[in-house]
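Residues per chain are reported as follows:
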Amino acid sequence: MVTSGQLSRRPVRCGPVPHDALPPDPFAGDPDDPARALAGQDGDEPWEPLGDEERAELLADLTDLAVYQALLEPRGVRGIVVDCADCGEPHYHDWELLRASLQQLLSDGHMRPHEPAYDPDPSAYVSWEYCRGYHDGVASAESNR
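Residues numbered from 1 in each chain as written. Predicted model: local features only at pLDDT ≥ 70, side-chain atom pairs only at ≥ 80, totals over all residues. Heavy atoms only, no water.

Caption draft 1: Expanded view of the packing of aromatic side chains. This model, assessed by the stated rule, comprises three aromatic pairs. Judged by centre distance (5.8 Å) and plane angle (70°), the rings of Tyr-68 and Trp-128 are edge-to-face. One end of the pair, Tyr-68, is in helix 1 (residues 52-72); the other, Trp-128, is in helix 3 (residues 128-143), with 60 residues separating them in the sequence. Here the two residues Tyr-68 and Trp-128 agree in accessibility, since each one is buried. Geometrically, the ring pair formed by Tyr-130 and Tyr-134 is stacked, given 6.2 Å between the ring centres and 20° between the ring planes. You can see Tyr-130 and its partner Tyr-134 sitting in helix 3, four residues apart, about one turn around the helix. Residue class for Tyr-130 comes out partly exposed when judged on its relative accessible area of 44%. (Phe/Tyr/Trp six-rings, centres within 6.5 Å; stacked < 30°, edge-to-face > 60°. Helix = DSSP H or I, 4+ residues; strand = E, 2+ residues; numbered from the N terminus. Buried < 20%, exposed > 50% of the residue type's maximum accessible area, 1.4 Å probe, protein only.)

Caption draft 2: Region of the structure containing the sheet that holds strand 2 (residues 90-94). Taken in spatial order, the three strands line up as 2-1-3 in an open sheet, and their pairing is mixed. Sheet topology places strand 2 and strand 3 (125-126) at the edges, where each strand pairs with a single neighbour. (Pairing = 2+ DSSP bridges.)

Caption draft 3: Region of interest: the pairing of strand 1 (residues 79-83). As defined by bridge partners, strand 1 adjoins strand 2 across five bridges and the pair is classed as antiparallel. Considered in strand 2, the bridge of Gly-79 is made with Asp-94. Hairpin connection, strand 1 to strand 2: the antiparallel pair is bridged by six residues, and Gly-88 has positive phi, about 75°. As judged from the two bridges shared by strand 1 and strand 3, these two strands associate in the parallel manner. Bridging across to strand 3, Ile-80 finds its partner in Val-126.

Here it is, written out as structure tokens:
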């Protein structure tokens, strides 16, 4: 799960993303779905509902994501890169894809698999930490005026 920790708490500025706005499962209805090989593993177990603290963190992340996008998208930043603990590879998330994934996690308790960014330009993506630092710098500059 992508979380940013304790960041500033602002009202959420984005509405929920409808489920049908998310990318469709490319193997829906396919009897040769490769995910069938995972049957019996943790995919068949019901998802644990999110606790109050997890929900609060997700809402804070969604709020922060909106702020970061407003600050960085005009500067050419396309989204956020996250180092995946499972595969060890960086995952590039455009702003809207990450927002949709976090909204789905908030509403469903889990995220559906999604297609990775196609041939992303790593220089167009930044980390949560970079976003947080950039935001802090802008806020500090504004307070010194």
